[in-house]
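Results of the structural survey
Listed below, chain by chain, are the residues.
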Amino acid sequence: MSNQEIIAATVTFVKKTLEGAEGGHDWFHIQRVFNNTLSIAKDEEVDDLVVSLGALLHDIADAKFYDGDETVGPRMAADFMTSVAIEQHVIDHVVQIIENISFKSSLEKKGQAFNSRELQVVQDADRLDAIGAIGIARAFNYGGFKNRELHNPDIPPKLNMTKAEYKKSTAPTINHFYEKLLLLKERMNTETGKKLAENRHRYMLDYLAQFDREWKGLS
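A short tour of the structure in this document, coming up.

Rules of the game
- Residues numbered from 1 in each chain as written.
- Predicted model: local features only at pLDDT ≥ 70, side-chain atom pairs only at ≥ 80, totals over all residues.
- Heavy atoms only, no water.
- Helix = DSSP H or I, 4+ residues; strand = E, 2+ residues; numbered from the N terminus.
- Rg over C-alpha atoms; globule rule 2.2 N^0.38 Å.
- Buried < 20%, exposed > 50% of the residue type's maximum accessible area, 1.4 Å probe, protein only.
- Contact = heavy atoms within 4.5 Å.
- Areas by Shrake-Rupley, 256 points an atom, 1.4 Å probe, with all protein chains shown as cover.
- Lys, Arg positive; Asp, Glu negative; His and termini not counted.
- Charge placed at Lys NZ, Arg CZ, Asp CG, Glu CD.
- Expected span 1.5 Å × (residues − 1).
- Axes fitted to C-alpha atoms, helices over the stretch in contact; angles between N-to-C directions.
- Parallel < 35°, antiparallel > 145°, perpendicular 65-115°, else oblique.
- Left-handed = near helix turned anticlockwise from the far one by under 90°.
- Nonpolar A, V, L, I, M, F, W, Y, C, P; charged D, E, K, R; others polar.
- Polar contact = N/O pair within 3.5 Å; in protein donor to acceptor, adjacent residues only side chain to side chain.

1. Remarks on the overall build of the protein
Scanning the protein for helices and strands turns up ten helices and zero strands. When the helices and strands of the protein are read in sequence order from the N terminus, they spell out α-α-α-α-α-α-α-α-α-α. For a compact globule of 219 residues, the expected C-alpha radius of gyration is about 17 Å, and the protein comes in at 18 Å, within 12% of that figure. For the protein, the spread of C-alpha atoms along the three principal axes comes to 60 × 35 × 35 Å. When the 219 residues of the protein are sorted by exposure, 50% land in the buried category. Considering only intrachain contacts with a sequence separation of at least 6, the fraction spanning at least 24 residues in the protein is 67%. When the accessible surface of the protein is totalled, it reaches about 11,400 Å², and 50% of it is carbon and sulfur. The positive charge centre, built from 27 side chains, and the negative charge centre, built from 33, are 5 Å apart in the protein.

2. A look at helix α1 (residues 3-17)
Compared with the 21 Å implied by 1.5 Å per residue over 15 residues, the 21 Å span of α1 between its first and last C-alpha is a close match. Along its buried surface, α1 packs onto α2 (27-41), α3 (48-57) and α4 (72-83).

3. Concerning the packing of α3 against helix α6 (residues 117-128)
Where α3 contacts α6, the axes come no closer than 9 Å and their chain directions differ by 40°. The angle between α3 and α6 places the two elements in the oblique class. The handedness of the crossing between α3 and α6 is right-handed. Contact residues: α3 offers Val-50, Val-51, Gly-54 and Ala-55, while α6 offers Glu-118, Val-121 and Val-122. Along the lines of polarity and charge, the residues of the contact of α3 with α6 split into five nonpolar, one polar and one charged.

4. Remarks on the side chain of His-25
Inspection of the secondary structure assignment puts His-25 in the loop between α1 and α2. Under the relative-accessibility criterion, His-25 is labelled buried at 10%. In terms of polar contacts, His-25 uses its side chain to reach the side chain of Glu-22, at 2.4 Å. Here the side chain of His-25 touches Lys-64 through a polar contact of 3.5 Å, side chain to side chain. Excluding residues within four positions of it along the chain, His-25 makes contact with Leu-18, Asp-59, Asp-62, Lys-64, Phe-65, Arg-138 and Tyr-142.

By themselves, these observations are geometric and do not establish any function.
Spelled out as structure tokens, the structure:
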């Protein structure tokens, strides 16, 4: 199969697999991350097939929807790539991207277990979709999906969480901005990612300021 055919087959597989998924982690999330990835990759020396597959398969089975099991996604991705006869070194690289892309992976004391320029590109693309207007929408969509409070002033954000604490958190959605989303701008890897994150970060700050005013009945 040509790379173009591989991408087309992957898109079909991902769309089918994510039918009925939670709105912040559905096909449209994958599509946005894929498009972000292609934009960032233009300015980077990366393997185009690896970053494309990494973007398309990075959330094929997000652990939060599989009782925290982080092995499901990499295994599903590897099985699919094997089924379309992708070279083993590409499969291995994409699996490592999936295993290390998440924010929670960076919370381990030992840090990210694997790194590559391809991972950095896909990671930036994924993080961009977690911030800004869409990031806000995704945060509250997932909070509603989990029946979490919008905000509770009696439950302050918990900073510097461990990976285990982060995975178990049931805090109000507003806390998620301080515990993760507002931290992402400074964790971008690429120059393009950093530039794109600026406006989205600023938009979240403006939103949170307005949210606070309205919560207090000031405007």
